[in-house]
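What follows is each chain in one-letter form.
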Amino acid sequence: MTVGIVSYGAYIPRYRIKTEEIAKVWGGDAEILKNGLKVFEKSVPDVDEDAATIAVSAARNAVNRVGLDTQRIGAVYTGSESHPYAVKPTSTIVAEAVGASPDMTAADFEFACKAGSAAVQVCMGLVGSGMIDLGLAIGADVSQGAPNDALEYTAAAGGAAYVIGNKESELIAIIEDTYSFTTDTPDFWRRESQHYPSHGGRFTGDPGYFRHVTSGAKGLLKKMGTKPEDYDYAVFHQPNGKFPERAAQMLGFTKEQIKPGLVVPRLGNTYSGSCLMGIAATLDIAKPGDRIFATAYGSGAGSDAFSIRVTDKIEEFRGKVPTVEELLADPIYLDYGKYAHHKGKINFG
Amino acid sequence: MTVPRFWREQQSRYNLVGSHCKTCGNYYYPIRNLCPECRRDGDMEQYKFKGTGKIVTCTVTHTTSDEFNDLVPYALAIVELDEGAKLTTQIVDEPEKVAIGKRVHSVFRKLGSDGDSGIIYYGTKFELDKE
Ligand SMILES: [Zn+2]
């Protein structure tokens, strides 16, 4: 059965902090940091925003884009590593706030930065088997790095939501296939009741991100018999600006192919939202017939690769809800003091 | 507010559900069972507001109870929804930009929480339309 994207929506908070502003506080060299990370500013949630409000905002944009009858939604899965509750699902809040409940199922997903793409895969299975009519898959995070940790320069807030369906006539993009590559790799973790995550320093690159992204991507290309040049665009998980560029190069994708989806220099790493945000930004400019290759990565570790083909239907739903570029435009910049206030209580311990 | 009471009003808070009187055509928020205009002749139905409207009056709060300390300063306004109902709400924009007559739309935000271990309350606030 054909499965794919019926609608999608993104959400990014209005506030940003520049790399220079964080570097100033900690005595870091802003130019070295900017060149090293290729992240120039990152989004910051408002004081009353969290992963649940971001998930709802992204989901409502997805629903409003196509004027969806939300009673058709049979499953809501929210991927995040910053769910507001330790116990109590985010997805029930989303389901109620989009008017999908109660005739449906829901659960929260966790897998570092790829919990959102895992939710997409589960929805593909449920709609593909005919168990449900439509599935709502979301990746949303308000990520935090410990003060003066490398992650503080990139950990950002945002989310993207996808409505997954199986009626070819209503798909704006067909998901041609998906492939995952998963191992037990301790490159990034956070124990229960710890405020900030720990990471394996340099270990996060080669055995974590690069091994899994390239293996996942190569696995899907092999499974489908496609080559990088068969695709118009590509999106790779973007924890910073450098990693996706290098992954693309290793796999034989060009800088032009990844350009529209590479939003991290102006957004930061939205964790579970990261790859899904890149796909959303690419769908915003894609034309019917375009093919998009995407690979999400989650520490711990695993990758989910997708091959997406845009249909004629996409043109019908332009301009109804904000694009990723529109959400990135016109930000309000914060100084470090206000930024700390927006993040809530900072724990230096 | 108690958890059960908030939960009963959740639909109203999450999705701006109020009441519409089919007799006189008036809209009300939150939900009412009896139309104050028509009384026994009223015929009320539940109605989900579009979430668009304009600011009728506003004020900036600089001091508040502990529970809302993270938010100050913030703008409070009476918003008249396009259907005609009025409600009191926080405007999430920078307080100096909030002014009478400006157009607003609804957003989903945290309303508060019962300390660090209690329930988190979510619901509707309003944001200025982009000019
Ligand atoms: Zn009446």
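All values reported here derive from a predicted model rather than from experimental measurement.

I would appreciate a short explanation of the domain arrangement of chain A in the present structure.
When the parts of a complex come together, some accessible area is lost, and that lost area is often taken as the interface size. All names here are of chain A. In terms of domains, chain A is made up of domain 1 (4-171 + 316-342) and domain 2 (176-309). Here domain 1 and domain 2 have C-alpha centroids that lie 16 Å from each other. Across the boundary between the two partners, domain 1 contributes 55 residues, which contact 46 residues of domain 2. Of the roughly 3,800 Å² buried at the junction of domain 1 and domain 2 (both faces included), carbon and sulfur atoms supply 60%. Across the domain 1-domain 2 interface, the total number found is three salt bridges. A salt bridge links Glu325 to Arg266; its shortest N-O distance comes to 2.8 Å.

What is the right way to read the coordination of the zinc ion from this model?
Geometry reference: four tetrahedral donors at a metal, ideal angle 109.5 degrees. Six octahedral donors, ideal angles 90 or 180 degrees. Residue and element names in this part refer to chain B. Every protein donor of the zinc ion is accounted for by Cys21 (SG), Cys24 (SG), Cys35 (SG) and Cys38 (SG), and the metal-donor separations fall at 2.3 Å. Of note is the zinc ion, whose four donor atoms meet at the metal with angles of 103 to 114 degrees in an arrangement that counts as tetrahedral. Mapped onto the sequence, the residues coordinating the zinc ion show the spacing C-x2-C-x10-C-x2-C. Pair noted here: Cys24 is in the loop between β1 (17-21) and β2 (27-28) and Cys38 is in the loop between β2 and β3 (44-48), with a separation of 14 residues, a long-range link. Since its relative accessible area comes to 15%, Cys38 is described here as buried.

Explain the pattern of salt bridges to me, please; I cannot follow it from the model alone.
Should their charged atoms come close, side chains of opposite charge can pair. Evaluated as defined, the whole model comprises 23 salt bridges over all chains. Between Asp93(B) and Arg14(A) there is a salt bridge; the shortest N-O distance is 3.8 Å. Of the two residues, Asp93(B) is situated in the loop between β6 (86-91) and β7 (103-113) and Arg14(A) in the loop between β1 (4-11) and β2 (15-18); the pairing between them involves two chains. Take Asp93(B): its relative accessible area is 12%, and that puts it in the buried class. In this structure, Glu176(A) and Arg291(A) form a salt bridge, with 3.1 Å as the shortest nitrogen-oxygen distance. Of this pair, Glu176(A) sits in strand β8 (residues 173-182) while Arg291(A) sits in strand β12 (residues 291-298); the two residues are 115 residues apart in sequence, bridging distant segments of the chain. The exposure class of Glu176(A) is partly exposed, given its relative accessible area of 26%. In this structure, a network of salt bridges that share partners links the residues Asp46(A), Asp48(A), Glu49(A), Arg109(B) and Lys125(B).

Would you mind going over the pairing of strand β11 (residues 233-236) of chain A with me for this structure?
Both faces of the sheet carry side chains from a regular strand, because those side chains alternate between them. Residue and element names in this part refer to chain A. Residues Tyr233 and Val235 of β11 are buried on one face, and the alternating residues Ala234 and Phe236, pointing to the opposite face, are buried as well. Where β11 lies against β12, four bridges are found, and the strand directions are parallel. Bridging from a neighbouring strand, Val235 pairs with Ala294 of β12.

So what exactly am I meant to see when it comes to the packing of helix α3 (residues 51-66) of chain A against helix α4 (residues 90-97) of chain A here?
To describe two helices that pack against each other, one gives the angle between their axes and the distance between the axes. Residue and element names in this part refer to chain A. With their axes 9 Å apart at the nearest point, α3 and α4 run at an angle of 40 degrees to one another. The pairing of α3 with α4 is recorded here as oblique in orientation. Every pair of crossing elements has a handedness; the one defined by α3 and α4 is right-handed. Judged by residue contacts, Ala52, Ala55, Val56, Ala59 and Arg60 of α3 engage Thr90, Ile93, Val94 and Ala97 from α4. Of the residues assigned to the contact of α3 with α4, the class counts are seven nonpolar, one polar and one charged.

How should α3(A) be read in this particular structure?
Three- or four-residue spacings in an α-helix give side chains the same orientation, since the helix completes a turn every 3.6 residues. Residues and elements named next belong to chain A. Between its terminal C-alpha atoms α3 stretches 23 Å, which fits the 22 Å expected from 16 residues at 1.5 Å a residue. N-cap assignment for α3: the residue whose side-chain oxygen lies 2.9 Å from the backbone N of Ala52 is Asp50. Once α3 finishes, Gly67 follows within two positions and takes phi at roughly 60 degrees, a positive value.

Rules of the game
Residues numbered from 1 in each chain as written. Chains lettered and ligands numbered in written order. Predicted model: local features only at pLDDT ≥ 70, side-chain atom pairs only at ≥ 80, totals over all residues. Heavy atoms only, no water. Domains from an automatic or database assignment. Contact = heavy atoms within 4.5 Å. Buried area = accessible area lost by both parts, 1.4 Å probe. Salt bridge = Lys/Arg side-chain N within 4 Å of Asp/Glu carboxyl O. Donors = N, O, S within 2.8 Å, 3.2 Å for Na, K, Ca; no water. Tetrahedral: all angles 85-135°; square planar, octahedral: opposite > 155°, others 65-115°. Helix = DSSP H or I, 4+ residues; strand = E, 2+ residues; numbered from the N terminus. Buried < 20%, exposed > 50% of the residue type's maximum accessible area, 1.4 Å probe, protein only. Pairing = 2+ DSSP bridges. Axes fitted to C-alpha atoms, helices over the stretch in contact; angles between N-to-C directions. Parallel < 35°, antiparallel > 145°, perpendicular 65-115°, else oblique. Left-handed = near helix turned anticlockwise from the far one by under 90°. Nonpolar A, V, L, I, M, F, W, Y, C, P; charged D, E, K, R; others polar. Expected span 1.5 Å × (residues − 1). Polar contact = N/O pair within 3.5 Å; in protein donor to acceptor, adjacent residues only side chain to side chain.

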